[in-house]
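Report on the structure
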Amino acid sequence: MSSADDGRSLGQLVASATTELSALVHDEIALAKAEIRQDVKRGIVGGGAATVAGVLLLFSLPVLSFAAAYGIHNLGLGLAWSFLIVGGAYIFVALVLLLLALRKFKRIKPPEKSIASAKQTASVLSKAKPHPRTGGDAALNGDAAVRGGARLEKQPKSATPA
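Note that the structure is a prediction, hence the values are computed from the model and not measured.

Rules used in this analysis
Residues numbered from 1 in each chain as written. Predicted model: local features only at pLDDT ≥ 70, side-chain atom pairs only at ≥ 80, totals over all residues. Heavy atoms only, no water. Helix = DSSP H or I, 4+ residues; strand = E, 2+ residues; numbered from the N terminus. Buried < 20%, exposed > 50% of the residue type's maximum accessible area, 1.4 Å probe, protein only. Contact = heavy atoms within 4.5 Å. 1 Å grid on protein atoms, 1.4 Å probe; cavity = no way out; pocket = protein on both sides within 12 Å on 5 of 7 lines; lining within 4 Å. Points joined across faces, edges and corners; volume = space filled by probe spheres on them. Nonpolar A, V, L, I, M, F, W, Y, C, P; charged D, E, K, R; others polar. Patch = residues over 30% accessible without salt bridge, like charges linked within 9 Å, V, L, I, M, F, W, Y side chains within 5 Å. Areas by Shrake-Rupley, 256 points an atom, 1.4 Å probe, with all protein chains shown as cover. Salt bridge = Lys/Arg side-chain N within 4 Å of Asp/Glu carboxyl O. pLDDT = per-residue confidence, 0-100. Expected span 1.5 Å × (residues − 1). Polar contact = N/O pair within 3.5 Å; in protein donor to acceptor, adjacent residues only side chain to side chain.

1. Here we look at the overall build of the chain
Helix and strand counts for the chain stand at five helices and two strands. Ordered by position from N to C terminus, the α and β elements of the chain give α-α-α-α-α-β-β. Per-residue burial for the chain yields a buried fraction of 15% across its 162 residues. Sequence-distant contacts in the chain: of pairs separated by 6 or more residues, those separated by 24 or more amount to 55%.

Right under this line is the structure:
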């Protein structure tokens with residue numbers, strides 16, 4: 001499409017292309033941010049589950065173990081067996097929470113849509129070729145330039161001291 005087709009000058013077309021390219025880059029960045037934000041949330045949930053598992057294992061295990069073991073011992077089982085049952089139960093709970101954390105971590109993926117979009121944009125831009133310049137109006141001949149259909153002559157620089 002040339003500037004004669006829709007009535008826009010070359011400058012307007014360049015400005016439009018620059019604006020659209022800028023908008024495209026901003027949209028791709030926004031897409032990447034959204035995908036990464038989603039994966040960060042998954043990572044936080046998985047990390048939180050792992051932290052809870054660690055806290056359960058480290059802090060509540062000794063205190064609650066004694067209470068549960070003595071409770072089981074009061075039912076008629078030996079004290080050693082009571083402590084083993086309680087310890088096994090806490091380890092089971094911690095393992096279930098760790099499996100939950102691993103499942104959340106495995107769902108984290110790279111931002112595939114952003115990567116594909118960026119590759120597609122790079123492919124399109126690498127195939128883009130500049131518009132060939134035609135003789136008189138597009139060439140800048142040292143002293144003159146063409147803007148908006150009017151030929152502008154370069155003004156001589158003034159020799160006034162600064």
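2. Brief notes about the layout of surface pockets
Unfilled space is identified by rolling a water-sized probe across the atoms. Its boundaries defined by the atoms lining it, the second largest pocket holds a volume of some 180 Å³. In terms of lining, the second largest pocket is formed by E35, Q38, D39, R42, K109, P110, P111, E112 and K113. The greatest single-element share of the lining of the second largest pocket, amounting to four residues, is contributed by helix α2 (residues 10-74). Class assignment for the residues of the lining of the second largest pocket results in two nonpolar, one polar and six charged.

3. Comments concerning a nonpolar patch on the surface
Taken together, V55, L57, L58, F59, I91, L95 and L98 make up a surface patch of nonpolar side chains, about 680 Å² in accessible area. As for its placement among the helices and strands, I91 is situated in helix α3 (residues 79-106). Overall, the relative accessible area of 47% leaves I91 in the partly exposed class.

4. Points about the confidence of the model for the chain
In this model, the chain carries an average pLDDT of 79, and 77% of its residues clear a pLDDT of 70 or more. A low-confidence stretch, residues 137-153 (pLDDT under 50), is modelled with 18 contacts involving residues beyond four sequence positions or located in other chains.

5. Let's talk about α3
Spanning 28 residues, α3 covers 41 Å between terminal C-alpha atoms, matching the ideal 40 Å at 1.5 Å per step. Looking at α3, one finds that the buried residues are S82, V86, A94, L97 and A101. Where the residues of α3 are buried, they touch α2.

6. A look at the environment of G46
Summarising the element assignment, G46 is placed in helix α2. Given a relative accessible area of 0%, G46 falls into the buried group. Linking G46 and R103, residues 57 residues apart in sequence, is a C-alpha distance of 7.8 Å. The residues touching G46, leaving out its near neighbours within four places in the chain, are A101, K104 and F105.

7. Concerning the environment of V86
You can see V86 is positioned in helix α3. Between the C-alpha atom of V86 and that of A67, which follows or precedes it by 19 residues, the distance is 9.3 Å.

8. Some details on the side chain of S82
Mapped onto the elements of the fold, S82 is located in helix α3. Judged by its relative accessible area of 0%, S82 falls in the buried class. A distance of 3.2 Å separates the side chain of S82 from the backbone nitrogen of H73, its partner in a polar contact. In this structure S82 touches A69, I72, H73 and L77, once residues within four positions along its chain are discounted.

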